[in-house]
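As a plain string of letters, each chain reads:
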Amino acid sequence: MNALRRWIDPYLLMLIGTVVLAALVPARGAGADVAEGAATAAIALLFFLYGARLSPGAVWAGLSHWRLQGMVLSSTFLLFPLLGLVVFWATEPWMAQDLRIGLFYLCLLPSTVQSSIAFTAIARGNVPAALCAASVSNLAGVVITPLLVMLLLPVGGAGVSLSSIEGIALQILAPFVAGQAARPLIGGWLTRHGRLTSVVDRGSILLVVYVAFSAGVVSGVWTRLSHLDLGLVVVLDVLILAVALAVTTLVSRRLGFSREDEIAIVFCGSKKSMASGLPMAAILFAGQSVSLIVIPLMLFHQIQLFACAVLARRYGQVTQDGDQMTR
C-alpha cells in the first residue's frame, strides 16, 4: 500500500473523482451559483491563510536575496511565456484552439506556494527564500498574468480589462493582505496546525475544478475534445516542464548559486499555480470554453507534482550522502 501511494498520488485520484462527479452530477442553475460562490470563498480563505503564515522576517530575508528572486521571476514570467509562445504558434495546424490557448495560458501563470515550499524543504534547500519567491510570484501574477494574456493572447485579451484585474486582486491579493494583518493574532496557531493550509489548498482546487468541469458538461464542450488532443497536451506539458527544469538548473549552476539556492530556484521557477490559475481563467476567459482552456493546467499540475517529488527526493538524498561523507 505504501509503495502504491509513492507512485499514485491520492490527490490525483481525488481530482479524477471530482471530474467524474462533475460529469455525472454537474452543478446547474442555482446549484451552479452556490458551487461557484463556495469555490470563490475557498480560494479567498486559502490566500488569507498564506498571508497569515508568512512572517515579515521571512519576507525580508527572501527579498534581500535579490539574485535568487530575479531568477525565479525571470523563469516564471520570461522563460515560460517564451515557451508558451513557441508552443502556441507551432501547434496551430493540428490542435484545437482552446487547448492551444490553455497551453499558452499555463505558461503565463505565477508559481505555486504550498508545493514549492514543501519540495524545497524535502530537497534541503533554502526554504525562507522559496517561501518568499513563491509568494512574491503569486502577488505579482495578480497583475502580470492578466497583462501578459492581454499582450500575448489576442483571442483571450478581449476579456482582460481593469475590472478583470480588480476582480482577481479582490479574490487573491486582498485576502493575502488581510492575512498579513491578522498574523499577530493567528500566525502562531496556523504554524502549529500546518495541515489546515494544505487541506484548504487542495479542497479549494477541487471545488474550482468541479465548477469548471460542470460548466463544460452543461455547455457540451467535451464533445469537441479528442483522445489525440489529450495525448498531445500531456506530451507538450512534459516538454515544457522538462525545459524549465533543465534551464533553471543549468543557469543556477552557471551563475554560481549555492546548492540550497539552486534548489529553491528550480522548484519555484519551474512550477505553475492551479490555485491561482483556475479562478483567474474563469475571469479572464469569461464566455469562452474555460473547462477546455484549463485542461493543460490541470494536467501540468499533476505532472509537475510527480516530477518534482522524484527530483526533491534525489536532491535530498545527495545532500544527505554529502553530509555523511563530511563527518
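Parameters and conventions
- Residues numbered from 1 in each chain as written.
- Predicted model: local features only at pLDDT ≥ 70, side-chain atom pairs only at ≥ 80, totals over all residues.
- Heavy atoms only, no water.
- Helix = DSSP H or I, 4+ residues; strand = E, 2+ residues; numbered from the N terminus.
- Buried < 20%, exposed > 50% of the residue type's maximum accessible area, 1.4 Å probe, protein only.
- Contact = heavy atoms within 4.5 Å.
- Areas by Shrake-Rupley, 256 points an atom, 1.4 Å probe, with all protein chains shown as cover.
- Axes fitted to C-alpha atoms, helices over the stretch in contact; angles between N-to-C directions.
- Left-handed = near helix turned anticlockwise from the far one by under 90°.
- Nonpolar A, V, L, I, M, F, W, Y, C, P; charged D, E, K, R; others polar.
- Phe/Tyr/Trp six-rings, centres within 6.5 Å; stacked < 30°, edge-to-face > 60°.
- Parallel < 35°, antiparallel > 145°, perpendicular 65-115°, else oblique.
- pLDDT = per-residue confidence, 0-100.

Student: What exactly am I supposed to notice about the overall build of the protein here?
Tutor: Broken down by element type, the protein carries 16 helices and zero strands. Residues counted as buried form 49% of the 327 residues belonging to the protein. Within the protein, contacts between residues at least 6 apart in sequence are counted, and of these 87% link residues at least 24 apart. Surface accessibility of the protein: about 14,800 Å² in total, with carbon and sulfur atoms responsible for 70%.

Student: What is the right way to look at helix α13 (residues 259-269) in this model?
Tutor: Note: α-helices contain 3.6 residues per turn, so residues at a spacing of three or four share the same orientation. Of all the 11 residues making up α13, nine are buried; the element is thus mostly covered by neighbouring parts of the structure. Of all the positions in α13, only Asp261, Glu262, Ile263, Ala264, Ile265, Val266, Phe267, Cys268 and Gly269 are classed as buried.

Student: Honestly, the packing of helix α5 (residues 66-90) against helix α12 (residues 227-254) in this entry has me stumped. Any pointers?
Tutor: Axis angle and axis distance: for two packed helices, these are the angle between their axes and the distance between the axes, and together they describe the pair. Their axes nearest at 11 Å, the elements α5 and α12 cross at an angle of 145 degrees. Where α5 crosses over α12, the handedness of that crossing is right-handed. For the pair α5 and α12, the contacting residues are Met71, Ser75, Leu79, Phe80, Leu83 and Val87 in the first and Leu236, Ile240, Val243, Ala244, Val247, Thr248, Val251 and Ser252 in the second. The residue makeup of the contact of α5 with α12, split by class, is 11 nonpolar, three polar and no charged.

Student: Can you help me understand the packing of aromatic side chains in this one?
Tutor: Evaluated as defined, the whole model comprises six aromatic pairs. Between Phe80 and Phe300 the ring centres are 6.4 Å apart and the planes differ by 85 degrees, which places this aromatic pair in the edge-to-face class. Remark: Phe300 occurs in helix α16 (residues 295-325) and Phe80 occurs in helix α5; sequence separation between them is 220 residues. A relative accessible area of 0% places Phe80 in the buried class. Between Phe88 and Phe104, the aromatic rings sit 5.5 Å apart at their centres with planes inclined by 40 degrees, giving tilted as the arrangement.

Student: Got a minute to help me understand the packing of helix α7 (residues 114-122) against helix α8 (residues 127-152) in this structure?
Tutor: Across the interface, α7 lies against α8 with an axial gap of 9 Å and an inter-helix angle of 165 degrees. Taken as axis vectors, α7 and α8 run roughly antiparallel relative to one another. The two elements α7 and α8 meet at a crossing, and its hand is right-handed. Of the residues in α8, those touching α7 at Ser116, Ile117, Thr120 and Ala121 are Val127, Ala130, Leu131 and Ala134.

Student: How should I be thinking about the confidence of the model for the protein in this particular structure?
Tutor: For residues with low pLDDT, the predicted coordinates do not support detailed interpretation. Mean pLDDT over the protein stands at 82; residues scoring 70 or higher make up 85%. Taken element by element, the protein is modelled with least confidence in helix α1 (residues 2-7), mean pLDDT 50, and with most confidence in α13, mean pLDDT 95. pLDDT under 50 marks residues 323-327. Its contacts with residues more than four places away, or in other chains, come to one contact.

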